[in-house]
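# Remarks on the overall topology
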There are 2 protein chains.
Amino acid sequence: MFLLQRLDNTKKKLKGQIANVLTLLNLSLGAFAILYTIQNQLQLALLFITIAAVFDRLDGAVARKLNSTSELGKQLDSLSDMISFGVAPALLIHQAILFEFGFAGAFFAIVFIVCGAIRLAKFNITEANGFFYGLPITAAGCILTIMTLLVAYIPEYVFMINTLILAFLMISPFKVKKM
Amino acid sequence: MFLLQRLDNTKKKLKGQIANVLTLLNLSLGAFAILYTIQNQLQLALLFITIAAVFDRLDGAVARKLNSTSELGKQLDSLSDMISFGVAPALLIHQAILFEFGFAGAFFAIVFIVCGAIRLAKFNITEANGFFYGLPITAAGCILTIMTLLVAYIPEYVFMINTLILAFLMISPFKVKKM
């Protein structure tokens with residue numbers, strides 16, 4: 001009986017860790033994307049952020065499916081989102097186009113990261129009620145990432161404005177229904 | 001009377017935001033350090049991480065002094081620490097020396113970031129009792145940053161081992177008294 005209970009506890013713990021492992025994979029993919037950005041392999045960085053977004057959907061789904069959402073998972077999730085959809089896309093767009101604006105380009109990339117952090121911190125202390133407030137950092141980061149594909153077709157200043165708009169949408173108080 | 005009360009509330013809110021502004025400055029300095037690392041200006045990156053460490057001490061001190069510690073501040077603090085003392089030092093040591101090991105070097109830098117995230121997530125869900133568990137990410141990140149000054153004097157493999165040791169110390173369960 002005691003052994004069965006221990007086995008059951010171990011199973012529960014393992015189940016609880018599956019979603020966290022997926023979250024840390026998401027974070028690692030974001031970190032790899034940053035390393036590829038440093039090496040100027042921007043296409044690979046774009047690919048890794050995209051895969052990170054898939055893992056981000058997956059870990060939430062797995063946690064709900066296995067009924068293993070946890071406070072630790074929530075914290076890890078926001079740290080991963082910060083890297084994969086805050087820092088990585090901001091650096092990618094900076095290296096793809098914003099660097100042409102010198103300090104102003106760097107400043108705009110950093111405003112995006114700062115607003116992402118504010119969004120995540122606010123989200124973490126808000127009770128879940130089926131709604132998001134402001135544009136989720138995952139969405140903002142993915143839009144910024146996909147925008148880098150358009151660098152050859154759109155005037156440079158559009159990317160500056162777009163980065164700033166996405167940053168402010170993240171900290172705006174409008175409501176979005178959770179999907 | 002009503003006006004006085006409103007003024008008092010506004011003062012309290014402003015006081016509460018001072019520490020958060022310092023935290024976001026810490027985060028911005030970390031993000032600048034990453035941008036300098038990308039541009040291979042490693043000395044400047046080192047300088048910015050060092051200044052971020054000063055701001056990190058400052059925001060905690062200010063929050064305690066003004067009696068304005070908050071849950072939002074705690075969340076912002078951990079996101080800032082992730083960038084300034086997790087991602088920035090790992091990228092810096094990668095560009096300074098670990099890149100020579102190819103994929104293995106990138107992998108070690110990412111292990112450092114992942115362990116940093118686990119450390120921060122665990123810390124955020126632990127009740128404060130005057131102790132840290134495991135090496136704080138601020139200390140690990142600063143040691144890694146300072147180590148880059150020794151690149152010309154120490155064999156390459158030492159940096160690999162050092163990065164791994166610091167990563168594991170962050171997720172180790174030993175106790176450290178808070179300073």
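Residues numbered from 1 in each chain as written. Chains lettered and ligands numbered in written order. Predicted model: local features only at pLDDT ≥ 70, side-chain atom pairs only at ≥ 80, totals over all residues. Heavy atoms only, no water.

### A few points about the interface of chain A and chain B
The interface is formed by 33 residues belonging to chain A together with 33 residues belonging to chain B. Taking both sides of the interface into account, the surface hidden between chain A and chain B amounts to around 3000 Å²; carbon and sulfur atoms contribute 89%. On the chain A side of the contact with chain B, I38, L79 and I110 of chain A bury the most area, a combined 20% of that side's loss. In this structure, the connection of chain A to chain B is made through zero salt bridges. Between chain A and chain B we count two residue pairs in polar contact (both at pLDDT 80 or more) in total. Looking at the side of chain A that touches chain B, the elements that each hand over two or more residues are α1 (2-38), α3 (71-96) and α4 (103-124) of chain A. (Contact = heavy atoms within 4.5 Å. Buried area = accessible area lost by both parts, 1.4 Å probe. Salt bridge = Lys/Arg side-chain N within 4 Å of Asp/Glu carboxyl O. Polar contact = N/O pair within 3.5 Å; in protein donor to acceptor, adjacent residues only side chain to side chain. Helix = DSSP H or I, 4+ residues; strand = E, 2+ residues; numbered from the N terminus.)

### Here's the deal with helix α6 (residues 156-171) of chain B
Residues and elements named next belong to chain B. The terminal C-alpha atoms of α6 lie 24 Å apart, and with 16 residues this matches the ideal 22 Å at 1.5 Å per residue to within 8%. Buried within α6 are the following residues: F159, M160, N162, T163, L166, A167 and M170. With its buried residues spanning 170° around the axis, α6 presents them on a single face. Buried positions along α6 lie against α3 (71-96), α4 (103-124), β1 (131-133) and α5 (137-147). (Expected span 1.5 Å × (residues − 1). Buried < 20%, exposed > 50% of the residue type's maximum accessible area, 1.4 Å probe, protein only. Arc of directions from axis to C-beta.)

### Focus: the UniProt feature "transmembrane region" (unreviewed entry) in chain A
The UniProt feature table records "transmembrane region" (unreviewed entry) at residues 18-36, 103-121, 133-153 and 159-176 of chain A. End C-alpha atoms of residues 133-153 of chain A are separated by 32 Å, and the span's content is 52% helix alongside 5% strand. (UniProt positions renumbered as here; feature names shortened; annotations may be inferred.)

### What about the packing of aromatic side chains?
Under the defined criterion, the tally for this structure stands at 12 aromatic pairs over all chains. An angle of 10° between the planes, with centres 5.8 Å apart, marks the rings of F32 of chain A and F103 of chain B as stacked. Pair noted here: F32 of chain A is in helix α1 and F103 of chain B is in helix α4, and the two residues belong to different chains. Summarising the aromatic geometry, the rings of Y36 of chain B and F48 of chain B are spaced 5.1 Å apart at their centres and angled 55° between planes, so their arrangement reads as tilted. Pair noted here: Y36 of chain B is in helix α1 (residues 2-38) and F48 of chain B is in helix α2 (residues 42-65), with a separation of 12 residues, a long-range link. Taking relative accessible area as the criterion, F48 of chain B reaches 16% and is therefore assigned buried. Among the aromatic residues, those joined into a ring-pair cluster are F32, Y36 and F48 of chain A together with F103, F107 and F108 of chain B. (Phe/Tyr/Trp six-rings, centres within 6.5 Å; stacked < 30°, edge-to-face > 60°.)

### Observations concerning the environment of N9 of chain B
All names here are of chain B. Mapped onto the elements, N9 comes out in helix α1. Residue classification places N9 among the partly exposed positions, given a relative accessible area of 43%. As for N9 and E71, which are separated by 62 residues in sequence, their C-alpha atoms are 18 Å apart.

### With respect to the relation of the copies chain A and chain B
Mapping chain A onto chain B leaves a residual RMSD of 0.0 Å; the transformation is a rotation of 180° accompanied by 0.0 Å of translation along its axis. Overall, the copies show the geometry of a two-fold rotation axis. Minimal C-alpha separation from the rotation axis in chain A is found for I38 of chain A, amounting to 2.5 Å. When the interface residues of chain A are mapped onto chain B, 100% of them are again interface residues, pointing to one common binding face. (Least-squares fit on C-alpha atoms with pLDDT ≥ 70 in both.)

### Overview of a nonpolar patch on the surface
Among the surface-exposed residues, F101, Y157, I161, I165, L169 and F174 of chain B lie close enough to one another that they form a single nonpolar patch of about 530 Å² accessible area. Of note, F101 of chain B is situated in the loop between α3 and α4. (Patch = residues over 30% accessible without salt bridge, like charges linked within 9 Å, V, L, I, M, F, W, Y side chains within 5 Å. Areas by Shrake-Rupley, 256 points an atom, 1.4 Å probe, with all protein chains shown as cover.)

### A short note on the side chain of T163 of chain A
Residue and element names in this part refer to chain A. Tracing the chain through its elements places T163 in helix α6 (residues 156-171). Among the polar contacts made by the side chain of T163, one reaches the main-chain carbonyl oxygen of F159 at a distance of 2.6 Å. Apart from the residues within four sequence positions on either side, T163 is in contact with I93, L98, F108, F112 and L144.

### Overview of the packing of helix α5 (residues 137-147) of chain A against α6 of chain A
Between two packed helices, both the angle of their axes relative to each other and the distance between the axes serve to describe the pair. Residues and elements named next belong to chain A. Interhelical geometry of α5 versus α6 gives an angle of 170° and a closest axis separation of 9 Å. Looking at the two axes, α5 sits roughly antiparallel to α6. In this structure, α5 uses I137, A140, I143, L144 and M147 to contact α6, whose residues at the interface are F159, N162, T163, L166 and M170. The residue makeup of the contact of α5 with α6, split by class, is eight nonpolar, two polar and no charged. (Axes fitted to C-alpha atoms, helices over the stretch in contact; angles between N-to-C directions. Parallel < 35°, antiparallel > 145°, perpendicular 65-115°, else oblique. Nonpolar A, V, L, I, M, F, W, Y, C, P; charged D, E, K, R; others polar.)

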